[in-house]
Amino acid sequence: QVQLVESGGGLVQAGGSLRLSCAASGRTLRNYVMGWFRQAPGKEREFVAAISWSYDNLYYSDSVKGRFTISRVTAKNTVYLQMNSLKVDDSAVYSCAAALGLPFGVPNIKSYPYWGQGTQVTVSS
């Protein structure tokens, strides 16, 4: 099994930067895809970014492409989400997720059986 622990959320001003971390334990992630999702009050949960662990393939939603960067450090079993040029609309609970297979596709939450607890990101104007 995979256990995910997130950190790095907080309050930041618009235009600022923040880096989220997701540390995994329990097993190796070499065959996994790691994803970031977010959900704001009154909105649906949406896909943000994902990375394949072994091949380093990157995926981004159109709303964050060019501003956010997903990466991983294999030795630490940790995936990161570097968020730059933050907007008020980026405010949400950000959750880390892991999947071995992707029967519903990369951006679909149904593909991910393992989830972290979520970390709050608040962007002020």
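The structure we're discussing is the one just above.
## Notes on the state of the cysteines
Thinking step 1. Evaluation of the coordinates by the stated rule reveals 1 disulfide.
Thinking step 2. Across the disulfide from Cys22 sits Cys96; the S-S distance is 2.2 Å. Between Cys22 and Cys96, the S-S torsion sits near -80°, and that sign places the bridge as left-handed. Taken together, the residues span a long stretch of sequence, with Cys22 in strand S3 (residues 18–25) and Cys96 in strand S9 (residues 92–99) at a distance of 74 residues.

## Comments concerning the sheet that holds strand S8 (residues 78–83)
Thinking step 1. The antiparallel open sheet is built from 4 strands, whose spatial order is S1-S3-S8-S7. Strand pairing shows two members of the sheet lacking a second neighbour, strand S1 (3–7) and strand S7 (68–73), which therefore form its edges. Across the sheet, the axes of successive neighbouring strands diverge by a mean angle of 20°, strand direction being ignored.

## With respect to the pattern of salt bridges
Thinking step 1. Enumeration according to the criterion identifies 5 salt bridges in this entry.
Thinking step 2. Here Arg72 and Asp56 are joined by a salt bridge, their closest N and O atoms 3.9 Å apart. Of the two residues, Arg72 sits in strand S7 while Asp56 sits in the loop between strand S5 (46–52) and strand S6 (58–60), which places them 16 residues apart along the sequence.
Thinking step 3. For the salt bridge of Arg67 with Asp90, the shortest nitrogen-to-oxygen distance reads 2.8 Å. With Arg67 in the loop between S6 and S7 and Asp90 in the loop between S8 and S9, this pair connects stretches of sequence that are 23 residues apart.

So, how was this worked out
- Residues numbered from 1 in each chain as written.
- Predicted model: local features only at pLDDT ≥ 70, side-chain atom pairs only at ≥ 80, totals over all residues.
- Heavy atoms only, no water.
- Disulfide = S-S within 2.5 Å.
- Helix = DSSP H or I, 4+ residues; strand = E, 2+ residues; numbered from the N terminus.
- Pairing = 2+ DSSP bridges.
- Axes fitted to C-alpha atoms, helices over the stretch in contact; angles between N-to-C directions.
- Salt bridge = Lys/Arg side-chain N within 4 Å of Asp/Glu carboxyl O.

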